[in-house]
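The residues making up each chain are set out below.
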Amino acid sequence: MADIKVLDGGFSTQLSTHVGEKIDGDPLWTARFLATNPEAVVATHLDFLRAGSDIIQTNTYQASVGGFVQYLGVSEEESLELIQSAVDLTRKAITMYSKETRGNGNIPNNKPVIVGSCGPYGAVLHDASEYTGNYGPEVTPEVMSTWHRPRIDALTAAGVDFLALETIPNQYEARALIELLREYPNTKAWLSFSCSDDGKTIVDGSNFQEVALDCYKKAPSGQIVAIGVNCLAPKLVASLLKGVNDKAERRDFVPLVVYPNSGEKYTVTEGWKREGTSWQPLEDFVPDWLDLGVQYIGGCCRTYATDITKIRYEVNRWQKKQANSVRNHVK
């Protein structure tokens, strides 16, 4: 039976329940709180652990040496220390959770792992290009690799279990990251894309399945644990993933990762806003995604710890159904 791992949810969304202040729009986004309110960062991780997350991502999506130097006024060395501190804060939350659940044999996530969050180059441009992939011609694969490298160095040195190369908006950055992974032969990662509303393409217009599968095949053996999508409406997920594993034999099976947002749309003027009158909760889609071969599943923007609890419930129910089907087949 498939080993499904439940991720955490929208870090900024859950963090807002602890800090009670505006987070969206800040050039450092949630990464600022590594310096200003690390206790709230730990509390947010703990919320997701209590909700049933097997995987906790570091608060480093928008963390970068250049960003910390510019907006916090710290040195490059101090910036790298801040990135490493994100791993320490995640580890602290896991230690706290382990202590409070000691002796409880019923918890589903008794061995949580730490994943280093690595958002795209576009996230630091502050021009929404992480949702278009339209970087200027001066942003070559070499430039992107040079930008990503210090953060990956810091996260791997601090001991993350693997990396989340996430919300990648164009094929060139994805391919650059695959090549960059060769410099870290002992590091595993998932590769997750920012995709269009057409259900077929990455936001730069490239065909999602062609690029994602090509990256998966060309990656150093065993380093990419999954490919997939994140921060898109739940209703769009299946059309992007359908067909990847339709006729796959065990050796050809491609593990998939999915962590959509709530389905709301974000605008600078109005913030997050629900569109249309029909609304289907994220958790309703979970069984269909698992049937497609999703092995890593969680939430992104505008999803709370309560949403992870609902996802965990659906995952458990799907796994029980699969186990019963196997037993009945054996009989």
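Quick caveat, the model's predicted, so the values are computed rather than measured.

Draft legend 1. Highlighting the nonpolar core. Counting 98 residues, the largest nonpolar core has W190, L191, F193, F208 and Y296 as its most contacted members. Apart from residues no more than four positions distant in its own chain, F193 is found in contact with T167, I168, A174, I202, F208, V211, A212, G228, V229 and N230. Ranked by size, the runner-up nonpolar core spans five residues in total, among them Y121, Y135, V139 and M144.

Draft legend 2. Fine view of the pattern of salt bridges. Taken as a whole and judged by the stated rule, the model has 11 salt bridges. Note that R312 and D54 form a salt bridge whose closest N and O atoms lie 2.9 Å from each other. Of this pair, R312 sits in helix α11 (residues 305–330) while D54 is found in the loop between α3 (38–51) and β2 (55–57), placing the two residues 258 residues apart along the sequence. Residue classification places D54 among the buried residues on the basis of a relative accessible area of 8%. A salt bridge links R149 to E183, with the shortest nitrogen-to-oxygen separation between them at 2.9 Å. Here R149, found in helix α6 (residues 141–158), pairs with E183, found in the loop between α7 (171–181) and β5 (189–193); they are 34 residues apart in sequence, far enough to count as distant. When its relative accessible area of 44% is taken as the criterion, E183 is described as partly exposed. What you see here is one network of salt bridges that share partners, running through R175, D214 and K218.

Draft legend 3. Spotlight on the pairing of β5. For β5, the buried fraction is high: five of the five residues fall into the buried class. Burial along β5 is two-sided: the residues A189, L191 and F193 and W190 and S192 are all buried. Bridging between strand β4 (residues 162–168) and β5 involves four bridges; their strand directions are parallel. Bridge pairing in β5 links L163 to A189. For the crossover that starts at β4, traverses α7 and ends in the parallel β5, the hand is right-handed. Bridge analysis of β5 against strand β6 (residues 224–230) gives five bridges, and the strand direction is parallel. Residue F193 lies in a different strand from β6, and its bridge partner there is V229. Following the chain from β5 across helix α8 (residues 208–218) to the adjacent parallel β6, one finds a crossover that is right-handed.

About the cut-offs
- Here, residues in each chain are numbered from 1, in the same order as that chain's written sequence.
- Given that this is a predicted model, residues contribute local features only at a pLDDT of at least 70 and side-chain atom pairs are listed and counted only at 80 or more, while totals for whole chains, interfaces and linings are drawn from all residues.
- Side-chain measures were taken over the full set of non-hydrogen atoms in the model, leaving aside hydrogen atoms and water.
- What makes a nonpolar core is a set of buried Ala, Val, Leu, Ile, Met, Phe, Trp, Tyr and Cys residues whose side-chain atoms join them at distances within 4.5 Å.
- In this scheme, a residue with accessible area under 20% of its type's maximum is buried, one over 50% is exposed, and one in between is partly exposed, where area comes from a 1.4 Å probe on protein chains only.
- Here, residues are in contact when the closest pair of their heavy atoms is within 4.5 Å.
- Salt bridges are identified by distance alone: a Lys or Arg side-chain nitrogen within 4 Å of an Asp or Glu carboxyl oxygen.
- The way it works is that DSSP assigns letters per residue, a run of H or I at least four long becomes a helix, a run of E at least two long becomes a strand, and they are numbered from the N terminus.
- Whether two strands pair comes down to DSSP finding at least two bridges between them.
- Handedness is read with the strands pointing away from the viewer; a crossover is right-handed when the path from the first strand over the helix to the second is clockwise.

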